[in-house]
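So the chains spell out like this:
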Amino acid sequence: MLVYLKTLGCRLNEAELETWAQAFQKAGHAITRDLQQAHIVIINSCAVTQDAVRKSRQLIRKLHRENPTAKLVASGCYVTLNEEEAANLLGVDLVIGNQDKNRLVEITLEALNMDSMPSFSTNAGEQSLFSRGRQRAFIKVQDGCRYRCTFCIVTVARGEEASRPIPAVIDEINALAAQGIQEVVLTGVHLGGYGSDINSHLTELINAILQNTDIPRLRLGSLEPWELPNHFFQLFENPRLMPHLHLPLQSGADSVLRRMARRCKTSEFSQLVDQARNNIPNFNITTDIIVGFPGESEQEWQESFDYIRQTGFGHIHIFTYSKREGTKAATLTGQLTNDIKKQRSRLLHLSAGQMKQTFMESQLGQEYPILWEGQTEELDHGRKRVFGYTPNYLRVACEINQDDSIENKIIQAKLLAVNDNHIDAELINFDC
Ligand code: SF4
């Protein structure tokens, strides 16, 4: 059978798609990027915002419209929170909630009576990521969250914390490394809670991966800024652990953080940032900020804005607060007008752009091993521009001859000049 996989939402959804791709191949089926050819279509949906729910429904309808003969399986957070509605959407043959995601392939093949078909695929796990044009692999190591941030629906959709045993993670990473993958990103709903249910913790997992795999680059996905074990930043002394952390702050005003039920005050956040920057050179910290949270007064906004600027970030994902039914924040008084939210978002985007520029400029002249990716831009005179990422997660570009390829290679480069959202660089000791 030819299986087409599609996801919306977070890196965890992306990581699950990768695990399913490998499992379908192990079961003798093949992954296709051509929807028209597919016999089975799998959707991993999202429900983080009302808009994500709308997009999930739209995607289900679109994929069925474009291939009405394929068997359509819907999974993910939208489906988990709206199982009946999803099951009644036109074209949906099977719905699988988050609680059964680990068995999605088995349930699908059984329920759709597909496991009796003759196999004609490639070897299990072969090229599945490359067949989907990826150099970096997201690895799901943890699911669920014990916290109840008042704006968050994910904790509702994903349930209790559950960690994958370390050997299973090691095996998956070694299998991907054997395929030629150079970088893996550890993901979870609450990555910092890794091990809470299996008497382990994130530091033990990271050490085990660095000791028992040869993966050249290990990156951490989004990490809530609390519960990080002592000596956490010593882990980054190993150059294979990438010196970048995405630490969602959400607001720079403690009174707003309290209404969000966040487990981190600005003073604690600053301590983390200082630890990282004092111990590891060129460490990049990026974050998430929600602007316009219910009740966010002018004074709280100014306090938040000033704290964010004073801290400085390599990049900020800015979310304008939108009411999410099923969350506590949706019931809070003091919901702000869209005009106020838009105005604050505009101001923060401006400032975030300046902070990013400042961080990128601080990196000029540095030499880094870059993981070069597949994306290219055609240039004149038989040249092309190729893109990649530094260890501290800066996007860089270099020029090479049209006929050459450095895709999925790690090659040293010197950072020369900021060019819009990336840094132009030149390859070192690599003639092309
Ligand atoms: S810690 Fe993260 S996943 Fe958990 S409730 Fe808060 S925002 Fe949601």
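Structure first, text after, so check above.
Remember, it's a predicted structure, so these values are computed and weren't measured experimentally.

As a volume, the second largest pocket reaches approximately 650 Å³. Taken together, 29 residues form the lining of the second largest pocket, with T19, N102, K140, R164 and E172 sitting closest to its centre. Those elements that provide at least two residues to the lining of the second largest pocket are α1 (11-26), α5 (104-111), β7 (142-143), α6 (154-158), β8 (162-163) and α7 (166-178). Examining the composition of the lining of the second largest pocket, we find that 6 residues originate from one element, α1, more than from any other.

With that settled, the discussion passes to the site of the ligand. Close to the ligand lie C145, Y147, C149, F151, C152, T155, V189, E224, W226 and R262. Residues of the shell around the ligand, tallied by class, amount to 7 nonpolar, 1 polar and 2 charged.

One pass over the structure, following the stated rule, counts 10 aromatic pairs. Between the aromatic rings of F232 and F233, the centroid separation amounts to 5.3 Å while the plane-to-plane angle is 80 degrees, which identifies the pairing as edge-to-face. Exposure remark for F232: the relative accessible area of 1% places this residue in the buried category. Arranged with centres 4.7 Å apart and planes meeting at 15 degrees, the rings of Y389 and Y393 form a pair that is stacked. The class for Y389 is buried, based on a relative accessible area of 14%. A relative accessible area of 23% means that Y393 is categorised as partly exposed.

A few words on the state of the cysteines. As enumerated under the stated definition, the model contains 0 disulfides in all. You can see C46 has no disulfide; the closest cysteine sulfur is in C77, sitting 6.4 Å from it.

At a minimum axis distance of 11 Å, the contact between helix α11 (residues 298-311) and helix α12 (residues 338-362) shows a crossing angle of 10 degrees. Classified by the angle between their axes, α11 and α12 sit roughly parallel to one another. Only R344, L347, L348, S351 and M355 of α12 make contact with α11, whose side of the interface consists of E298, W301, F305, I308 and R309. Residues that form the contact of α11 with α12 fall into these classes: 6 nonpolar, 1 polar and 3 charged.

Here we come to the sheet that holds strand β16 (residues 395-401). Taken in spatial order, the 5 strands line up as β14-β15-β16-β18-β17 and close into a barrel, and their pairing is mixed. Strand-to-strand twist across the sheet, computed as the mean angle between neighbouring axes with direction ignored, equals 50 degrees. Pairing of strand β15 (residues 383-389) with β16, which is carried by 7 bridges, proceeds in the antiparallel orientation. Looking at the pairing, F387 lines up with A397 of β16.

Most of strand β1 (residues 2-7) sits out of view: 5 of its 6 residues are buried. Pairing of β1 with strand β2 (residues 30-31), which is carried by 2 bridges, proceeds in the parallel orientation. When the sheet's bridge partners are listed, V3 is paired in β2 with I31. Taking the sense of rotation as the criterion, the β-α-β connection linking β1, α1 and β2 turns out right-handed.

Given a rise of 1.5 Å per residue, 16 residues ought to cover 22 Å, and the 23 Å separating the end C-alpha atoms of α1 matches this to within 8%. Judged by how many residues are buried, α1 sits mostly within the fold: 12 of 16 residues are covered. Among the residues making up α1, those that are buried are L12, N13, E14, A15, E16, L17, E18, W20, A21, Q22, F24 and Q25. After α1 finishes, the residue G28 shows a positive phi value of roughly 95 degrees.

Okay, the pattern of salt bridges next. Inspection of the entire model under this criterion finds 24 salt bridges. Across the pair E85 and R57 runs a salt bridge whose closest N-O atoms are separated by 2.8 Å. One end of the pair, E85, is in helix α4 (residues 83-87); the other, R57, is in helix α2 (residues 50-66), with 28 residues separating them in the sequence. Note that E183 and R217 form a salt bridge whose closest N and O atoms lie 2.7 Å from each other. You can see E183 sitting in strand β9 (residues 183-187) and its partner R217 sitting in strand β10 (residues 217-220), a full 34 residues away along the chain. Look at the salt bridges and you will find they share partners, linking E16, K101, K140, D143 and R158 into a network.

About the criteria used
Residues numbered from 1 in each chain as written. Predicted model: local features only at pLDDT ≥ 70, side-chain atom pairs only at ≥ 80, totals over all residues. Heavy atoms only, no water. 1 Å grid on protein atoms, 1.4 Å probe; cavity = no way out; pocket = protein on both sides within 12 Å on 5 of 7 lines; lining within 4 Å. Points joined across faces, edges and corners; volume = space filled by probe spheres on them. Helix = DSSP H or I, 4+ residues; strand = E, 2+ residues; numbered from the N terminus. Near = heavy atom within 4 Å. Nonpolar A, V, L, I, M, F, W, Y, C, P; charged D, E, K, R; others polar. Phe/Tyr/Trp six-rings, centres within 6.5 Å; stacked < 30°, edge-to-face > 60°. Buried < 20%, exposed > 50% of the residue type's maximum accessible area, 1.4 Å probe, protein only. Disulfide = S-S within 2.5 Å. Axes fitted to C-alpha atoms, helices over the stretch in contact; angles between N-to-C directions. Parallel < 35°, antiparallel > 145°, perpendicular 65-115°, else oblique. Contact = heavy atoms within 4.5 Å. Pairing = 2+ DSSP bridges. Right-handed = clockwise from strand over helix to strand, strands pointing away. Expected span 1.5 Å × (residues − 1). Salt bridge = Lys/Arg side-chain N within 4 Å of Asp/Glu carboxyl O.

So yeah, pure geometry; function would need other evidence.
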